[in-house]
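Geometric and topological summary
Residues per chain, in single letters:
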Amino acid sequence: MSDQVQELLDVPMDFVKDGVQFINKCQKPDRKEFIKISQAVGVGFIVMGAIGYILKLIHIPLNNILVGAA
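Residues numbered from 1 in each chain as written. Predicted model: local features only at pLDDT ≥ 70, side-chain atom pairs only at ≥ 80, totals over all residues. Heavy atoms only, no water.

A tally of regular secondary structure across the protein chain gives two helices and zero strands. Referenced to the eigenvectors of the C-alpha coordinate spread, the extents of the protein chain come out at roughly 70 × 45 × 5 Å. Per-residue burial over the protein chain gives 0% buried out of 70 residues. Accessible area of the protein chain: about 7000 Å², with a carbon and sulfur share of 69%. Computed over 7 positive and 7 negative side-chain charges, the inter-centroid distance for the protein chain is 22 Å. (Helix = DSSP H or I, 4+ residues; strand = E, 2+ residues; numbered from the N terminus. Buried < 20%, exposed > 50% of the residue type's maximum accessible area, 1.4 Å probe, protein only. Areas by Shrake-Rupley, 256 points an atom, 1.4 Å probe, with all protein chains shown as cover. Lys, Arg positive; Asp, Glu negative; His and termini not counted. Charge placed at Lys NZ, Arg CZ, Asp CG, Glu CD.)

Moving on to a nonpolar patch on the surface. Residues Tyr53, Ile54, Leu57, Ile58, Leu62 and Leu66 make up a contiguous nonpolar surface patch of roughly 650 Å² in combined accessible area. Turning to its location among the elements, Ile58 is positioned in helix H2 (residues 31–69). (Patch = residues over 30% accessible without salt bridge, like charges linked within 9 Å, V, L, I, M, F, W, Y side chains within 5 Å. Salt bridge = Lys/Arg side-chain N within 4 Å of Asp/Glu carboxyl O.)

Listed under "transmembrane region" (unreviewed entry) in the UniProt record, and renumbered for this structure, are residues 34–55. With 100% helix and 0% strand, residues 34–55 has its two end C-alpha atoms placed 32 Å apart. (UniProt positions renumbered as here; feature names shortened; annotations may be inferred.)

Here we come to the environment of Ile54. Looking at the element boundaries, Ile54 is found in helix H2. Since its relative accessible area comes to 48%, Ile54 is described here as partly exposed. Along the chain, Ile54 and Lys28 lie 26 residues apart, while their C-alpha atoms are 37 Å from each other.

The next thing to look at is helix H1 (residues 2–25). For H1, built from 24 residues, the straight-helix expectation of 34 Å at 1.5 Å per residue is met to within 8% by its first-to-last C-alpha distance of 34 Å. Where burial is concerned, little of H1 is hidden: zero out of the 24 residues are buried. (Expected span 1.5 Å × (residues − 1).)

Below, the structure is given as structure tokens:
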């Protein structure tokens, strides 16, 4: 019984230990790395927005044709 309780308590303690190690290993990005990440995110927003806009342009007339024919 005691072993089961100890196992249950070890899981959160290991998680916290791993999390602290991860945070201590992380570092702030420098200016060049931050700009690259920001550019990649910006391009992603633009691409996803363009895809959504194009799909909406196709969907509205297609939907009107299908609804109008019914």
